[in-house]
Amino acid sequence: MKDKLLNFFFRYGTILVIVAVVAFFSFRLEYFFTYGNLADILRSISIVMFVAIGVTFSLIVDGFDLSVGSTVSLSTVISASLMVWYQQPLYIVILVPLLTGAVVGLINAFLIVRIRIPDLFATLAMMYIIDGVHRTYTKGYSVYDNMQMSDGSKAPGHFTEAFKWIGQGEWLGIPVPVVLMLVAVIAVHIFLTYTRWGRQMYITGGNREAARLSGLRVNRVRMLAYVLSGLFAAFAGILFASFVGSGQVDAGSPLLMESVAAVFVGFSVFGAGKPNVAGTFLGAVLIGVLLNGLTMMNLEYYAQPIVKGVVLVLALAVTFVQLNRRRA
Amino acid sequence: MLQGKHGNLLEMRKISKSFAGIPALREADFSVRGGEIHALLGANGAGKSTLMKILSGAYTPDGGSILLDGKPLAIRTPADAKARGIQCVYQEVDTALVPELSVAENIWLDRMASGAGRRWLRWSKICAEAEAVLRQLDARIPVRRKISELTLSEKQLVLIARCLAEQAKFIIFDEPTAPLSLEEAEHLFKVMERLKRSGVGCIFISHRLPEIFRMCDRITVMRDGRRVLSAGREETSERDVVFHMLGKTFEQEFPKLEADRGELLLEVNGLGDGGKVRDATFRLHRGEIVGIVGVVGAGKTELSRLLFGADPAARGTVRLRGQGVKFREPADAVKAGIVLVPEERRKQGILVAEPVRVNLGLAILGKLSRFGFLRRGAEAVNAREAVERLGIKTASIQQPAGLLSGGNQQKVAIGKWLSTDADIFLFDEPTKGVDIGAKSDIFRIIGQLARQGKGIVYLSCEFSEIMGIADRIYVMCDGRLIREFRRPEATEEQLLYYASAGQEALA
């Protein structure tokens with residue numbers, strides 16, 4: 001009986017907590033449970049969610065990608081500069097940052113898989129390099145409509161309406177980034193659960209040597225994971241630029257740890273004990289709901305990391321207590 | 001410590017123990033006297049190691065009693081067993097020793113750890129006492145030397161010395177000779193003789209019948225968790241013991257399926273990895289089972305990994321169906337039709353956390369999917385077929401593979417390759433840790449594969465198994481295949497001789 005109760009708690013604990021938190025705020029705060037506020041919460045987590053999907057991929061293959069934050073920054077300023085400096089059409093503004101993200105992923109994969117630098121060190125180095133590249137590219141300035149260039153002239157272009165629609169628009173009354181996020185979560189969930197590539201990723205992460213000796217091309221699988229990680233981070237950067245309407249320098253650096261937190265909270269959802277995209281989504285939702293509600297209850301912004309950290313610790317405790325119990 | 005020839009009597013009565021509802025011991029009896037060397041035999045899974053773990057306190061029995069000189073003993077923890085004078089020399093000596101401490105410190109380790117004795121250590125006294133104990137064993141090991149600088153057999157002696165220092169009345173030797181050279185084994189036998197004369201009861205677990213019949217006073221055979229034979233050495237014979245271990249004779253238990261030898265499949269020439277494999281040259285035909293036999297550490301596992309592309313070869317050539325091949329990773333080997341069932345089953349052969357269904361579909365994910373989407377139905381059908389064909393005992397195909405017994409895990413590791421169109425199967429110690437029933441199944445599966453015209457390379461250190469299953473046998477020693485035998489020509493003694501003496505034997 002006690003065991004059953006515990007198992008139930010481990011499986012559905014995180015979801016119960018989300019429901020409880022939503023219920024609590026709904027009773028305490030008049031405006032919390034309104035369509036507008038809930039849409040706001042989802043929009044606020046949409047950017048970090050794309051980064052978190054990338055982190056989910058690298059964690060699934062038992063790797064780690066610290067460079068996603070810098071990749072977001074780089075992609076933000078690239079897409080902004082393509083419009084503001086070079087007046088490029090929309091598809092270029094989207095494709096070039098995505099390609100950049102893929103290239104970053106390829107370099108990470110090369111360092112980790114071929115040169116065999118441990119993932120944390122390789123992506124730490126890449127984090128610095130990309131961070132430096134994006135600052136050098138913009139000479140340290142943020143990129144905004146008709147900005148002052150260093151030679152005294154004015155930049156010719158501005159953010160197009162079509163581009164801003166990605167981050168600010170609505171579709172059937174739902175914010176576009178929320179639609180994009182839900183589509184991405186569902187697509188990635190299907191990819192990970194129902195395709196053989198998803199299966200290969202989990203198996204590679206679970207036991208690389210056994211996977212290799214079963215004829216899986218584990219290096220290719222790991223490369224794919226890092227490329228996907230770079231791609232999703234790059235898309236998060238595009239979303240960021242579109243949402244803010246300018247290319248902020250250093251936009252991505254806080255996103256790394258927030259996305260990692262969401263993924264780890266996701267470990268505990270449904271008692272998965274491993275990275276999974278549905279869990280990552282719910283993890284991001286939990287953090288988003290808490291921050292939204294507590295802000296409305298006048299929690300100061302500088303206290304926010306405490307909330308994030310406590311949520312993370314609790315979720316990790318649930319996950320690891322359960323994993324160790326299973327092992328025993 | 002000196003006692004009469006008939007010293008203490010240690011009895012285990014009607015010991016029962018189950019794991020997850022599966023009985024490992026069914027009212028097993030066992031008794032040993034001080035001053036005798038008592039062999040404990042049984043096939044893998046017969047229950048001998050469970051019985052000894054109960055005696056040494058590692059497991060608690062579900063039922064039954066342990067008596068010393070007729071008085072019941074309560075043994076619940078390893079510390080209880082040690083306090084009653086029951087000690088164990090494990091096969092993995094390194095797990096019981098601290099490598100960075102000296103010989104003397106290791107001999108007194110238990111006592112230091114338990115906090116018994118005085119608070120201050122007197123090094124001169126500790127060393128002198130350690131020397132005295134080692135002298136009893138006729139072992140010349142400097143007591144101030146670090147354990148990490150000792151050979152394996154010296155480490156074993158240190159462990160035995162520790163048992164003596166702890167006033168052991170009974171010592172369990174768990175396959176002590178398996179990793180030793182012939183000469184080192186001889187020394188160990190002398191030590192055991194000394195222990196016997198000083199009244200210590202030795203329980204000797206080994207698979208090597210000749211040494212058992214040379215050394216032991218009594219022999220107990222276990223099968224299926226019960227004692228099936230307990231007799232003095234003169235009252236029984238090797239043949240009798242094998243019969244009791246198996247319940248049948250070896251030929252009855254593992255009848256060899258005859259297969260026709262076909263075309264040449266694989267030619268390996270001078271293959272080496274610059275380390276443990278120096279020169280492997282052999283051929284393999286369709287329908288043939290080639291045995292590669294050698295002691296632990298001869299380089300068999302490394303050779304199998306070279307052939308499978310898991311490690312890069314430094315030199316030599318491999319020709320498959322007449323074509324030269326080079327594999328950059330195992331996936332290339334699988335594509336070319338060479339598959340490996342590795343020795344480290346739980347780490348490399350199967351995914352312990354994944355269900356049987358996933359494990360069995362692992363090598364054919366491409367076949368099981370359409371447009372990249374896995375067809376769950378096809379995967380389940382594939383798994384059920386393999387479970388049926390190989391007789392895998394599992395509650396369902398959703399069961400995590402790691403929960404199956406060793407033999408059934410091995411069948412899963414084999415089963416994942418059956419649906420590929422592989423021509424060559426490499427088996428590295430496939431019967432290690434496998435119970436006797438599953439072993440017989442595995443031999444049958446291998447025989448059937450040969451009949452289908454597959455080529456089999458069977459690498460093992462179990463000489464009798466190789467003799468039973470292989471058509472041709474290569475003896476491997478120090479990374480070289482030094483001698484080839486046809487099946488009828490080989491005797492176990494010859495194989496053992498070449499495997500341990502190596503190059504000198506040829507000179």
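If you're wondering where the values come from, they're calculated on a predicted model, not measured in any experiment. (Residues numbered from 1 in each chain as written. Chains lettered and ligands numbered in written order. Predicted model: local features only at pLDDT ≥ 70, side-chain atom pairs only at ≥ 80, totals over all residues.)

**Q** I'd love a proper account of the overall build of chain A, names of residues and values included.
**A** The secondary structure content of chain A amounts to 13 helices and two strands. The C-alpha atoms of chain A give 20 Å as radius of gyration, which agrees with the globular expectation for 328 residues (20 Å, within 12%). In chain A, buried positions account for 49% of the 328 residues. For chain A, the share of sequence-separated contacts (at least 6 apart) that also reach a separation of at least 24 residues comes to 77%. (Helix = DSSP H or I, 4+ residues; strand = E, 2+ residues; numbered from the N terminus. Rg over C-alpha atoms; globule rule 2.2 N^0.38 Å. Buried ≥ 20, exposed ≤ 12 C-beta atoms within 10 Å, placed from the backbone. Contact = placed C-beta atoms within 7 Å.)

**Q** Before we move on, can you summarise the overall build of chain B with the specific residues and values?
**A** Assigned secondary structure in chain B consists of 20 helices and 22 strands. Along the first, second and third principal axes, the C-alpha atoms of chain B reach 70 × 55 × 50 Å. For chain B, with 507 residues in total, the buried portion stands at 48%. Long-range pairs, those at least 24 residues apart, make up 69% of the contacts in chain B between residues at least 6 apart in sequence.

**Q** Which residues make up the interface of chain B and chain A, and what values go with them?
**A** With 23 residues of chain B at the contact, the number on the chain A side is 17 residues. Secondary-structure elements contributing two or more residues to the side of chain B that touches chain A are α12 (330–336), α13 (345–349) and β18 (373–374) of chain B. Along the lines of polarity and charge, the residues of the side of chain B that touches chain A split into 14 nonpolar, five polar and four charged. (Nonpolar A, V, L, I, M, F, W, Y, C, P; charged D, E, K, R; others polar.)

**Q** Before we move on, can you summarise the domain arrangement of chain B with the specific residues and values?
**A** All names here are of chain B. Parsing chain B into structural domains produces domain 1 (9–250), domain 2 (262–337 + 424–433 + 453–507) and domain 3 (344–420). Of note, the centres of domain 1 and domain 2, computed from C-alpha atoms alone, are 35 Å apart. With six residues of domain 1 at the contact, the number on the domain 2 side is five residues. Along the lines of polarity and charge, the residues of the side of domain 1 that touches domain 2 split into four nonpolar, two polar and no charged. (Domains from an automatic or database assignment.)

**Q** Before we move on, can you summarise the environment of A:Asp131 with the specific residues and values?
**A** You can see A:Asp131 is positioned in helix α5 (residues 119–138). Among residues more than four places away in sequence, those in contact with A:Asp131 are A:Ser70 and A:Ser73.

**Q** If you had to explain the pairing of strand β21 (residues 472–477) of chain B to someone new, which residues and values would you point to?
**A** Residues and elements named next belong to chain B. Here β21 lies mainly inside the structure; six of its six residues are buried. Side chains Arg-472, Tyr-474 and Met-476 project from β21 onto one buried face, and the interleaved Ile-473, Val-475 and Cys-477 project onto a second face that is buried too. With four bridges connecting them, strand β13 (residues 289–293) and β21 associate as parallel partners. The residue bridging Val-290 from the neighbouring strand is Arg-472, located in β21. With six bridges joining them, β21 and strand β22 (residues 480–486) adopt antiparallel strand pairing. When the bridges of β22 are listed, Tyr-474 appears paired with Glu-484. (Pairing = 2+ DSSP bridges.)

**Q** I'd like to hear about unusual backbone geometry, residue by residue, with values.
**A** Its identity is not glycine, yet A:Gln87 carries a phi of approximately 50°, on the positive side. Relative to the helices and strands, A:Gln87 resides in the loop between α3 (68–84) and α4 (90–114). The backbone of B:Asp69 sits at a positive phi, close to 50°, despite the residue not being glycine. Residue placement: B:Asp69 occurs in the loop between β4 (63–68) and β5 (71–73). Among the residues examined, B:Asp69 registers 11 C-beta atoms within 10 Å and is labelled exposed.

**Q** Describe α4(A), and please don't skip the residues or the numbers.
**A** Residue and element names in this part refer to chain A. Between the first and last C-alpha of α4 there are 36 Å, a value that for 25 residues agrees with the 36 Å anticipated at 1.5 Å per step. Considered for burial, the residues of α4 that qualify are Val-93, Ile-94, Pro-97, Thr-100, Gly-101, Val-104, Gly-105, Asn-108, Ala-109 and Ile-112. On its buried face, α4 is in contact with α3, α5, α6 (161–168) and α10 (218–244). A positive backbone phi angle near 65° is found at Arg-116, which sits one or two residues after α4. (Expected span 1.5 Å × (residues − 1).)

**Q** Any details on the nonpolar core? Residues and values, ideally.
**A** The biggest cluster of nonpolar side chains holds 183 residues, and the ones touching the most others in it are A:Val51, A:Ala236, B:Leu426, B:Ile446 and B:Tyr458. At 18 residues, the largest contribution of residues to this core is made by α10(A). The residues that make up this core include at least three from each of domain 2 (262–337 + 424–433 + 453–507) and domain 3 (344–420) of chain B. With residues up to four places along the chain from it excluded, the contact list for A:Val51 reads A:Val68, A:Val72, A:Phe232, A:Ala233, A:Ala236, A:Leu255 and A:Ser259. The next biggest cluster of nonpolar side chains, apart from the first, holds 69 residues, and it includes B:Val32, B:Phe170, B:Ile171 and B:Met222. (Core = buried A, V, L, I, M, F, W, Y, C linked by C-beta atoms within 7 Å.)

**Q** Talk me through helix α6 (residues 152–165) of chain B; I want residue IDs and the actual numbers.
**A** All names here are of chain B. For α6, with 14 residues, the first-to-last C-alpha span of 20 Å sits near the 20 Å given by 1.5 Å per residue. Extensive coverage of α6 is indicated by the burial of eleven of its 14 residues. Restricting attention to buried positions, one finds in α6 the residues Lys-155, Gln-156, Leu-157, Val-158, Leu-159, Ile-160, Ala-161, Arg-162, Cys-163, Leu-164 and Ala-165. Gln-167 lies just past α6 and shows a positive phi near 60°.

**Q** Describe the sheet that holds β22(B), listing the residues and the values that go with them.
**A** Residues and elements named next belong to chain B. The six strands lie next to each other as β16-β19-β20-β13-β21-β22, forming an open sheet whose pairing is mixed. In this open sheet, the two strands that pair with only one neighbour each are β16 (338–341) and β22. Looking at each pair of strands side by side, their axes are set apart by 20° on average, direction ignored. Relative to strand β19 (residues 424–428), β16 runs parallel, the two sharing four bridges. In the sheet register, Val-341 faces β19, and the bridge partner there is Phe-427. In this fold helix α11 (residues 300–307) packs onto β13, β16, β19, β20 (455–460) and β21, with an angle of close to 155° to the strand it touches most, β19. (Axes fitted to C-alpha atoms, helices over the stretch in contact; angles between N-to-C directions.)

**Q** Account for the sheet that holds β4(B), with residues named and values stated.
**A** Residue and element names in this part refer to chain B. Within the open sheet, the four strands sit side by side as β2-β1-β4-β5. Their pairing is antiparallel. What marks the edges here is a single partner per strand, and that holds for β2 (22–33) and β5. For this sheet, the mean inter-axis angle between neighbouring strands, taken without regard to orientation, is 30°. Pairing of strand β1 (residues 9–19) with β2, which is carried by eight bridges, proceeds in the antiparallel orientation. Bridging across to β2, Met-12 finds its partner in Phe-30. Of the strands in this sheet, β1, β2 and β4 touch helix α1 (residues 48–55), which is tilted by about 115° from β1.

**Q** Which residues make up the packing of helix α11 (residues 253–267) of chain A against helix α12 (residues 277–296) of chain A, and what are the values?
**A** Residue and element names in this part refer to chain A. Here α11 crosses α12 at 115°, and the two axes come no closer than 7 Å. Like other packed secondary-structure pairs, α11 and α12 cross with a definite hand, here right-handed. The segment α11 lies against α12, with Ala-261, Ala-262, Val-263, Val-265, Gly-266 and Phe-267 engaging Gly-279, Thr-280, Leu-282, Gly-283, Ala-284, Leu-286 and Ile-287. Here the contact of α11 with α12 is built from residues that sort into nine nonpolar, four polar and no charged. (Left-handed = near helix turned anticlockwise from the far one by under 90°.)

**Q** Kindly report on the packing of helix α2 (residues 35–60) of chain A against α10(A), identifying the contributing residues and their values.
**A** For any two helices packed against each other, the geometry is given by the interaxial angle and the distance between the axes. All names here are of chain A. The contact between α2 and α10 brings their axes to 8 Å, and the two run at 175°. The pairing of α2 with α10 is recorded here as roughly antiparallel in orientation. Across the interface between the two elements, Ser-46, Ile-47, Phe-50, Val-51, Ile-53, Gly-54, Val-55, Phe-57, Ser-58 and Ile-60 from α2 touch Ala-225, Tyr-226, Leu-228, Ser-229, Phe-232, Ala-233, Phe-235, Ala-236, Leu-239, Phe-240 and Phe-243 from α10. In terms of residue class, the contact of α2 with α10 is built from 17 nonpolar, four polar and no charged. (Parallel < 35°, antiparallel > 145°, perpendicular 65-115°, else oblique.)

**Q** Report on the environment of B:Ile66, specifying residues and quantitative values.
**A** All names here are of chain B. Along the polypeptide, Ile-66 turns up in strand β4. Along the sequence, Ile-66 and Glu-11 sit 55 residues apart, while their C-alpha atoms lie 5.7 Å from each other. Excluding residues that lie within four positions of it along the chain, Ile-66 makes contacts with Met-12, Leu-55, Leu-73 and Ile-75.

**Q** Tell me about the pairing of β4(B), and name the residues and values.
**A** Residue and element names in this part refer to chain B. Both β1 and β4 contribute to a ladder of five bridges, which runs antiparallel. By the bridge assignment for β4, Met-12 is matched with Ile-66. Here β4 runs beside β5; their pairing, made up of three bridges, is antiparallel. Its bridge partner lying in β5, Leu-68 is registered against Lys-71.

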